[in-house]
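Now for the letters of each chain:
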Amino acid sequence: MEVKIGVQQSPRELVLESAQTPAEVEQAVTDALAKDGVLTLTDEKGRKVIIPIAKVAYVEIAEASHRPFGFTTR
């Protein structure tokens, strides 16, 4: 699943592929907002991304799209 995180005062967004479910990511964001703490997510390779929730502008949760590449027929 793909997660995009907008960070305040940053022209680029953070994009990571996560093995967590959309419900787990949503719960992590909700918990961080309630505690006014940090948002911690883990990507598919096991790396952790830690962001102060006060700096998060938005979080977009989307299913990863597997696009065909190369020469394919439909």
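Above this note sits the structure.
Keep in mind that this is a model prediction, so the values were computed, not measured.

Section: unusual backbone geometry
At Gln-9, a position not held by glycine, the phi torsion is positive, near 60°. Tracing the backbone shows Gln-9 in the loop between strand S1 (2-7) and strand S2 (13-17). Accessibility expressed as a relative area gives 83% for Gln-9, which makes it exposed. For Asp-36, which is not a glycine, the phi torsion comes out positive at approximately 55°.

Observations concerning the sheet that holds strand S5 (residues 56-62)
On the basis of which strands lie adjacent, the open sheet formed by three strands has the order S2-S1-S5 and antiparallel pairing. Of all strands in the sheet, those with a lone pairing partner are S2 and S5, marking the two edges. Pairs of neighbouring strands in the sheet enclose a mean axial angle of 15°, with direction left out of account.

A look at the environment of Ile-50
If you trace the backbone, Ile-50 turns up in strand S4 (residues 48-52). You can call Ile-50 exposed: its relative accessible area is 55%. Ile-50 sits eleven residues away from Leu-39 along the chain, and the two C-alpha atoms are 5.6 Å apart. Contact partners of Ile-50, with chain neighbours within four places excluded, come to Val-38, Leu-39 and Thr-40.

Conventions we followed
- Residues numbered from 1 in each chain as written.
- Predicted model: local features only at pLDDT ≥ 70, side-chain atom pairs only at ≥ 80, totals over all residues.
- Heavy atoms only, no water.
- Helix = DSSP H or I, 4+ residues; strand = E, 2+ residues; numbered from the N terminus.
- Buried < 20%, exposed > 50% of the residue type's maximum accessible area, 1.4 Å probe, protein only.
- Pairing = 2+ DSSP bridges.
- Axes fitted to C-alpha atoms, helices over the stretch in contact; angles between N-to-C directions.
- Contact = heavy atoms within 4.5 Å.

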